[in-house]
Amino acid sequence: MTRRLTVAQALVTFLAHQYTERDGRRQRLIDACWGIFGHGNVAGIGQALLESEGALPYLQGRNEQAMVHAAVGFARQRDRLAAHAVTTSIGPGATNLVTGAALATINRLPVLLLPGDTFATRPADPVLQQLEHPGAGDISVNDCLRPVSRYFDRITRPEALIPAALQAMRVLTDPAETGAVTLALPQDVQVEAYDWPEEFFADRVWHVRRPAPDPAATADAAAAVRAARRPLIVAGGGVHHSEAEDALRALVEATGIPVASTQAGKGSLRHDHPADVGGIGHTGTAVADELARAADVVIGVGTRYSDFTTASATLFAPGVRFVNLNITSFDAHKLAALPLVADARAGLRALTEALAGYRVPASYESEYAAGKAAWEAEVERAYAVADPGARPGQAQVLGALDAVVGEEDVIINAAGSLPGDLHKLWRARSRRQYHLEYGYSCMGYEIPAAIGVRLAAPDRPVWALVGDGTYLMMPTELVTAVQEGIAIKVVLIQNHGYASIGGLSEAVGGERFGTAYRYRAPDGTYSGDPLPVDLAANAASLGMDVLRARTAGELRTVLAEARAADRPTCVYVETETADSVSGAPPAQAWWDVPVAETATRPAAVRARRDYERHAAARRRYLGT
C-alpha cells in the first residue's frame, strides 16, 4: 500500500512518527519545527507543515541562527532525547544556519536542519540566490554545512528521502554521533509527488543505548584508581546527558574522590556536596585547580578536555595518569588515557562496583574540605554589596540572583566575562540549573536558548544572562518570546563594551583596543564618553516588560519581581564600565592566547615575557 504525497509532505509526516526510548521512557524525537519561509521552502516544507494540521507543530523565528540556538537549548534540556527541526529558504537563510550548526555539533547536541536548495533539475541556471561555482555545477551554499554537520545529504530525487531520513534519525539519536544533521532540499524536489510505502510513516522508536564498559577496561581503570592517593574526577557534560548524576554521587560517597566540573558538567553534584570542589581550569576555583596540579590519577567523565579545562595543557602534573569514561572512543582516548568507552551512568556504576572497599586517605578529604571552605568564603566576598546605593559589579549581580532563585530555575549563558564568573562562583542547586554553552561560546545564544529551554521545561523559571555586547548581537527572538507568551527572564547587564575581551586584550598587550562602546576621542581611539544607548527601551520596544535596577540595593527586589512574572520580562542593570574588574577572583590557571613576538609598545613587550614564562609549562600527556 502506498500514499501519494510531495517530498515535503512525506518528510513532515515521517518526522511526526519518530520517537526515542531510554530506560523505558518514550517521547517524540522531533517535537516541533522552527521556520522562516522564502521561495526555497514556502511551497514545499511550508505548505507541508500547514497541511499537517499541527501533527508537527510550527514555531516562527526571526533569525535562522537563533532558531538553531533555540533548538539546541531544547535538546540539551531534554537530555538529547528530543529535538527540533529548523527549515529555511535558500541563500542567506541557509548560510545563517552555519554558526548554529557548528555550535550544535561541537556541543554534541542534536538538531535537524532542513534548508531549501537550488533546483535539482536546473530549469533555469542560475536562479535567485544561487552560488555559481565555475568548476562544479552541483555545489550550492548548503555545502557550507557539510563540515559542521554530523550527517549531510542532498535529496535530489523523491525516493532518496527514505534512506536519508532514516540515516538522519540514526545520527540524531546516537549519543556517540549526534550533532547537527542536514537534509538539503532542492525547491523543485520538495513539491514533487511520489507514491510512498505506508511503512515509511509507521511509528518508529529509536532506542537510545547505554553501552556498558568492557570488563577488562573496567578492571584496568579500577586498578589505576586503587593505586592512587590523590585521584580527581573531572565531570563533563556527558554526566548530564546520560542522567548519571546519582551514579556519580554514589561513586564519590563510596570512595571520597573529589569532583571538579567543566562548564558543561557543572551541577553534576550539588554545590553543597562535600566532594564538589567547583569548576576546573582557567575559569575554575582555587581548590579544584590545586587538586588538579597534584593529582596522580584524573578520571574524566563525559568531557572533551578543552583548553579551558586543561589550562592549555599546563594544569595537570607530569606523570599523571588519565582514565577517561566517555561514550565516544575519540574522547575516551584523549591524553593517552586508559579508555573506558561506555555510557556515563553504566560506566560509573561499573567503576563503583570495581572499586568496592577503596577510599582516598582521610588527610586528602580534609585537605579538599578546607580548600572548599576557603573558596566559599571567596564567593561570599565577591557577592557582598559594600554600598547598596551604588551600581553593582557583575559579581554582585550574580549574588543577587543567587539569593532569588530556587532549585528549579535554569541559568543560561554563553559568552563574555559572565562564563568565567559563573564557573567560579555559581552555586548549582540541581542537575539542569547551570546551562553554559561554552563549546562554541557563541554570542547571541542565550535569549533563543532560553526560549528552547522553556519550551522543553515550561514549569521552570528560565533566565538568560546577557551583556550589552551579546544583546546587540541578537535580541530578535525577544519578539518570539512575546508572540508565543514564553515567560523567559532576561538579565541585561550594561557595561558599555566587551568586558571579557577588554580584559584579555589588556593581559596580552592589546591595551583594550576596540573593546569599549564609546565615542571616538580626539586621538582616534574609542575612549570618549559611553554611548547614549538605552537597551532597556529597546527591549521594551520589542514587547518585553522591563524592570530597571538602578542600584545594588534595588537589584534583589527587581529580580524577585521578574521571577514571579508570568510574561517575558527583562531586568536591566547598569554595572561598572567595561574597563573595570568584575569583582570575581582572578583566573586560577593559565589560558594560551599567543602574544606578539615582536612589538614596540611596552604593554605588548611585558605581555610577551609573561607568555613565554607560562608557555614553558605546557606539556604532552603521553601516559606510562
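Residues numbered from 1 in each chain as written. Predicted model: local features only at pLDDT ≥ 70, side-chain atom pairs only at ≥ 80, totals over all residues. Heavy atoms only, no water.

**Student:** Summarise the overall build of the protein chain; cite the residues concerned and give the values.
**Tutor:** A tally of helices and strands in the protein chain yields 24 helices and 23 strands. For the protein chain, the spread of C-alpha atoms along the three principal axes comes to 70 × 70 × 55 Å. Burial statistics for the protein chain: of 624 residues in total, 58% are counted as buried. Taking as baseline every contact in the protein chain between residues at least 6 positions apart, the subset at least 24 positions apart corresponds to 76%. Computed over 60 positive and 70 negative side-chain charges, the separation of the two mean positions in the protein chain equals 4 Å. (Helix = DSSP H or I, 4+ residues; strand = E, 2+ residues; numbered from the N terminus. Buried < 20%, exposed > 50% of the residue type's maximum accessible area, 1.4 Å probe, protein only. Contact = heavy atoms within 4.5 Å. Lys, Arg positive; Asp, Glu negative; His and termini not counted. Charge placed at Lys NZ, Arg CZ, Asp CG, Glu CD.)

**Student:** Residue-level account of the sheet that holds strand β17 (residues 338-341), with values.
**Tutor:** Read from one edge of the open sheet, six strands run β14-β13-β12-β15-β16-β17, paired in parallel fashion. Only two strands of the sheet have a single partner each, and these edge strands are β14 (276-279) and β17. If you compare each strand with its neighbour and ignore which way they point, the axes differ by 20° on average. Inspection of the sheet shows strand β12 (residues 231-235) paired to strand β13 (residues 259-261) by three bridges, in the parallel sense. Counted as the bridge partner of Ile-233 is Val-259 from β13. Here helix α10 (residues 245-255) sits on the sheet in contact with β12 and β13, set at roughly 170° to β12. (Pairing = 2+ DSSP bridges. Axes fitted to C-alpha atoms, helices over the stretch in contact; angles between N-to-C directions.)

**Student:** Summarise the environment of Ala-552; cite the residues concerned and give the values.
**Tutor:** One can find Ala-552 in helix α23 (residues 552-564). Residue Ala-552 is classed as buried on the basis of its relative accessible area of 13%.

**Student:** Outline the packing of aromatic side chains, listing residues and values.
**Tutor:** Enumeration according to the criterion identifies 14 aromatic pairs in this entry. Linked through ring pairs, Phe-14, Tyr-194, Trp-196, Phe-200 and Phe-201 together constitute an aromatic cluster. Over the ring of Tyr-19 we find Arg-26, and its NZ or CZ is 4.1 Å from the ring centre. Directly above the aromatic system of Tyr-572 lies the positively charged group of Arg-548, at a separation of 5.5 Å from the ring centroid. (Phe/Tyr/Trp six-rings, centres within 6.5 Å; stacked < 30°, edge-to-face > 60°. Lys NZ or Arg CZ within 6 Å of the ring centre and 35° of its normal.)

**Student:** Tell me what's going on with unusual backbone geometry, and back it up with residues and numbers.
**Tutor:** For the bond running from Asp-125 to Pro-126, omega is 10°, close enough to zero to count as cis. Topologically, Pro-126 is positioned in the loop between β7 (111-117) and β8 (151-154). Positive phi is not limited to glycine here, since Asp-23 has a value of about 55°. By the element assignment, Asp-23 lies in the loop between β2 (18-22) and β3 (25-28). A positive phi angle, near 60°, is found at Leu-335, a position not held by glycine. Mapped onto the fold, Leu-335 is located in the loop between α13 (329-332) and β17.

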